[in-house]
Amino acid sequence: MITLRVEPLFNQCFRDGLRFRSESKKAKLSSYFNYSPIKLAFNAGSFCNFKPLSSVPAIRATSTVTTTTETSEASEVLFQETFTLKRTQTVEGKVSVRLEQGNDEENWRLTVGCNLPGKWVLHWGVNYIDEVGSEWDQPPPEMRPPGSVPIKDYAIETPLKKLSSNSEGKTFHEVQIDFNAQNSIAAINFVLKDEETGAWCQHRGRDFKVPLMDYLHEDCNIIGTKKGFGSWPGALGKISTMHLKPEISQPKDQDDISKQMEPKRQNWSLEGFYEEQSILKETTAENFVTVFVTKSPEKDKNIVCLETDLPGDIVVHWGVCRDNDKRWEIPAGPHPPETKIHKKMALQTLLQPKEDGHGSWGLFSLDKELMGFLFVLNLNKKTWLNYMGGDFYIPLSNADSFATTDGFGSSSAGVSGETTEASKTVSQATYTDGIISEIRNLVSDISSEKSSKTKSKEWQECILQEIENLAAEAYSVFRDSSPTFVEELTPETETLEPPAKVCSGTGSGYEVLCQGFNWESNKSGRWYMELKEKVNELALLGITVTWLPPPTDSVSPEGYMPRDLYNLNSRYGSMEALKILVDSFHQVGIKVLGDVVLNHRCAHFQNQNGVWNIFGGRLNWDDRAVVADDPHFQGRGNKSSGDSFHAAPNIDHSQDFVRKDLKEWLCWLRKEIGYDGWRLDFVRGFWGGYVKDYMQASEPYFAVGEYWDSLSYTYGELDHNQDTHRQRIIDWINATNGTAGAFDVTTKGILHDAVGRCQYWRLSDQKGKPPGVVGWWPSRAVTFIENHDTGSTQGHWRFPGGKEMQGYAYILTHPGTPAIFYDHIFSHYRPEISALLSLRNKLKIHCRSTVQIAKAERDVYAAIIDEKLAMKIGPGHYEPPSGPQRWDLALQGYDYKVWEAS
């Protein structure tokens, strides 16, 4: 069943242009259900407040079922409302791929274009000559266009630039990749991603592949191997579609077949080609439905008029109610023409087409004694449009009810397949009141606990956690398409101490996290023993939680390509060494997080087609555990609930046996190794609701997910407003029901540009709050400036060199849970990091501390935290305000200062 959710968006005017047939043109509806169904999908929408019309149609109902109208200034409108409906429609476009020679024979350019609207990103990678399989690798840095962002260690994401409209008035997007033909690259692979919708566009359900040498003759997915007749938009025109041309004939001897299959650039030369491929995209279209109620000339009657500009034949599934319970019933006749009774519970009426052919309308004559008019709209047998998951409710009974829309969405006409059942549900307003009441009661409990000497502060912390869970629940029900977030409640007068027992996944609020490894830590083969020697140093520094590397058997030595999950002998050390290390941390009071990779898993065996998707070990899954839309691994599971990870089979978490096995494995790790919580790798790959399931089963002390995707850029420049980016992270946290936090990639990206380009104004959002996740949901934000992916020897997104301490001065003084990278702790930055940590602990700065931004200008950012710490970063000047509160300079370093209130 497809439904439409409609939510409030105020201050939009009532749409003009209501048209009705005059009395001389009697309403004549077409045969009921004699219409062609249209295929539509619907997204969340919004409804609009109304303004009274200067003139309204007066409704006159005849004694027959035919209803006519005429215009009159004197008609009294009792109610009117316009609802904006946002629906998706499928449009077809073209992806164009062009390969052309540059200034000489060695330099070439690959251009990828798209003529569909959207915010397109090229997700791409390469195959090198010695690795011609399906796995991607990152191209060399000189090949990456400006604005490119590394994704893990296998791909690059490059935004397509929007070009001027072509001769047909259509916008065109393109990206150009320059490369040298003499390099070691065998092929370029790519897919297109629309960041507005999250949709991926592939070629025949697989990656686009542009071979640069002769080794893929049999691959049906190659681009540029056959004639194409499309013309390049603009002035580029058509070019040859020949892709590879032999310079010399190949030997035909059977003994030389294997040599022919080897990629040999010296026997082949590139030639340009141009090819177009059709793609489909779902785009959002906006329509409306307007409902108003007027008094009828007939005594004891009201007229409901419904008008919409939705295309096609629209059926209204409707009924009435007599009380606030809003139980559906069928009103007494006469009913509009071509009305059918549906299962003795509701009526179905086909709306009449407008004279201009744009949309349809209908009139309903109802007794004044009725309380309300209920309806949903039906576009085909499986597509229904409703209001916030319930029915549209139009009040009829008295003038008071017309002044509010509180009654909307208060009952439900359940639809499943071709059946419809009218049923009673709790109204959204009642549900909201219930949550508000619970939160108020919990806040009252905190106040009463403070005044009681016999109660503990641990109980206050649990109450606060329950408030956050309620806020998360309310958020999941009521969030609309605009950026939303959970405002956190913090006790006004007293800082909470860490409780003895806390709720799953959230910690105490005073955690300081250390990443206890880097990208090279696996190379010694005894990392666990090496780190054990540093346990006491980390404890003295003030670290409370350490994140250890992935512990399992893995195809890659770093551990992020896991294979046998129960085999914990890895390149970091043995299972016994891991147990000893975890116990050592526990002895000094430091919690330990295990790095678990749940999104993908490498197989042990190949299937009959030679694809690696059969697993061994204790969890000997077959290809049912692999998602069906992973183009590389031929899974027989369901479609993925997230983004694809190209290098290994993506696991289908919708399978009961997969979730059962993973929950048992996590619980086993907790018991056998002693892990206190989890760092969750690549959580973009699967729905956060599954994470909630795993967290509730394993009950971690603390958990954090790696939700890393690209920030918003315009022509290579970071956008100031990153609300959409942090909203995606917030959405994931909320899907876990708040049982896990997330790395604050938004803050990392903005802080990165602010200090690197002296643009400190970026550190305040439009509402004067920190611009990352920490500004919206600080208790779930794990702030960082570097990790094993961004820094270390990978350096995918390295923090501006020499300015790392400005970054730490920011995250170690602000709310959220700060994470410190191993390489920085054991470097010349250690004394400064230690001093900042000491001050944070002394002043009891915690994850929910308050931030008052004092300055966010070109060359300086300054803020006051909890009214007891002031800080500034940047070369510009700032001093805390003088007054009753005196400020003493506590720390200072290169372009940063921190003050303590005395």
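Owing to the predicted nature of the structure, the values given are computational and were not obtained by experimental measurement.

Trainee: Sorry, what's going on with the pattern of salt bridges here?
Mentor: A side chain of one charge can pair with a side chain of the opposite charge if their charged atoms are brought near each other. Enumeration over the complete set of coordinates arrives at 33 salt bridges. Here R830 and E537 are joined by a salt bridge, their closest N and O atoms 2.7 Å apart. Of the two residues, R830 sits in helix 13 (residues 830–842) while E537 sits in helix 5 (residues 535–541), which places them 293 residues apart along the sequence. Here R830 falls in the partly exposed class, since its relative accessible area comes to 28%. In this structure, K579 and E672 form a salt bridge, with 2.7 Å as the shortest nitrogen-oxygen distance. A residue pair is termed long-range when its members are at least 10 positions apart, and K579 in helix 6 (residues 575–587) and E672 in helix 7 (residues 656–672) qualify at 93 residues. Among the residues examined, K579 registers a relative accessible area of 22% and is labelled partly exposed. Look at the salt bridges and you will find they share partners, linking D595, R679, D681 and E706 into a network.

Trainee: Just checking my understanding: could you explain the sheet that holds strand 31 (residues 545–547) for this structure?
Mentor: Adjacent strands of a sheet pair through backbone hydrogen bonds, lying either parallel or antiparallel. The 8 strands are arranged 30-31-32-35-36-39-40-41 in a closed barrel whose pairing can be described as parallel. Shown here is a sheet whose adjacent strand axes are inclined to one another by a mean of 30°, direction ignored. As paired strands, strand 35 (residues 677–680) and strand 36 (residues 702–705) are joined by 4 bridges and run parallel to one another. In the strand pairing of strand 36, R679 is matched with V704. Sitting on the sheet, helix 11 (residues 804–811) is in contact with strand 40 (781–783) and strand 41 (817–821), with an inclination near 155° to strand 41.

Trainee: Help me understand helix 6, please; the structure alone is not making it clear to me.
Mentor: One turn of the α-helix equals 3.6 residues, which is why residues spaced by three or four share an orientation. The terminal C-alpha atoms of helix 6, which comprises 13 residues, lie 19 Å apart, in line with the 18 Å expected from a rise of 1.5 Å per residue. Buried residues of helix 6: M575, A577, L578, L581, V582, S584 and F585, and no others. On its buried face, helix 6 is in contact with helix 4 (527–532), helix 5, strand 31, strand 32 (591–596) and helix 7. Among the residues trailing helix 6, G589 stands out with phi positive, at a value near 85°.

Trainee: Would you mind showing me how to read unusual backbone geometry here?
Mentor: Excluding glycine, most residues fall at negative phi; most peptide bonds, likewise, are trans. Residue G333 is joined to P334 through a cis peptide bond whose omega torsion reads 0°. Mapped onto the fold, P334 is located in the loop between strand 20 (315–321) and strand 21 (339–342). The backbone of D866 shows a phi angle near 55°, a positive value even though the residue is not glycine. Along the chain, D866 falls in the loop between strand 43 (861–865) and strand 44 (869–873). Residues other than glycine seldom take positive phi values, yet D895 does so here, at roughly 60°. For D895, the position within the fold is in the loop between strand 45 (887–893) and strand 46 (896–901).

Trainee: Where do I start with helix 7 in this structure?
Mentor: Here helix 7 contains 17 residues, and its C-alpha end-to-end distance of 24 Å stays within 8% of the 24 Å for a straight helix at 1.5 Å per residue. All of the buried residues in helix 7 are V658, R659, D661, L662, W665, L666 and L669. Viewed end-on, helix 7 has its buried residues packed into an arc of 165°, placing them on one side of the element. Relative to its buried face, helix 7 has exposed residues pointing more than 90 degrees away, namely D656 and K671. Next to the buried residues of helix 7 lie strand 32, strand 35 and helix 8 (688–698). Of the residues one or two after helix 7, G674 is the one with positive phi, at around 95°.

Trainee: Please explain the packing of helix 10 (residues 745–756) against helix 11 as it appears in this structure.
Mentor: The packing of two helices is summarised by the inter-axis angle and the distance between the axes. In contact at an axis separation of 10 Å, helix 10 and helix 11 are set at 135° when each is read in the N-to-C sense. Comparing their axes, helix 11 and helix 10 come out oblique. You can see that helix 10 and helix 11 cross each other, and the crossing is right-handed. On the side of helix 10, the interface is formed by T747, L751 and V755, while helix 11 contributes Q806, G807, Y810 and I811.

Trainee: Looking at this structure, I do not really get the nonpolar core. What am I missing?
Mentor: Nonpolar side chains in soluble globular proteins generally cluster together in the buried interior. Judged by nonpolar contacts, the single largest core of 117 residues is most densely connected at L680, Y808 and I873. Ranked by residues supplied to this core, first place goes to helix 6 with 6 residues. Membership of the second largest hydrophobic core comes to 31 residues, among which are W108, A181, I185 and V210.

Trainee: Explanation requested: the side chain of H646 in the structure shown.
Mentor: Relative to the helices and strands, H646 resides in the loop between strand 34 (612–614) and helix 7. Polar side-chain contacts of H646 include one of 3.4 Å to the side chain of H123. The contacts of H646, once residues within four sequence positions are left out, are H123, W136, Y154, D207, H632 and F633.

Trainee: How should the pairing of strand 42 (residues 851–856) be read in this particular structure?
Mentor: Side chains on a regular strand alternate between the two faces of the sheet. Looking at chain direction, strand 42 and strand 43 are connected through 5 bridges and run antiparallel. Paired with Q852 across the strands is I864, a residue of strand 43. Following strand 42, the chain reverses through 4 residues before pairing antiparallel with strand 43.

Cut-offs applied
Residues numbered from 1 in each chain as written. Predicted model: local features only at pLDDT ≥ 70, side-chain atom pairs only at ≥ 80, totals over all residues. Heavy atoms only, no water. Salt bridge = Lys/Arg side-chain N within 4 Å of Asp/Glu carboxyl O. Helix = DSSP H or I, 4+ residues; strand = E, 2+ residues; numbered from the N terminus. Buried < 20%, exposed > 50% of the residue type's maximum accessible area, 1.4 Å probe, protein only. Pairing = 2+ DSSP bridges. Axes fitted to C-alpha atoms, helices over the stretch in contact; angles between N-to-C directions. Contact = heavy atoms within 4.5 Å. Expected span 1.5 Å × (residues − 1). Arc of directions from axis to C-beta. Parallel < 35°, antiparallel > 145°, perpendicular 65-115°, else oblique. Left-handed = near helix turned anticlockwise from the far one by under 90°. Core = buried A, V, L, I, M, F, W, Y, C linked by side-chain atoms within 4.5 Å. Polar contact = N/O pair within 3.5 Å; in protein donor to acceptor, adjacent residues only side chain to side chain.

Functional significance is not addressed by these values, which are geometric in nature.
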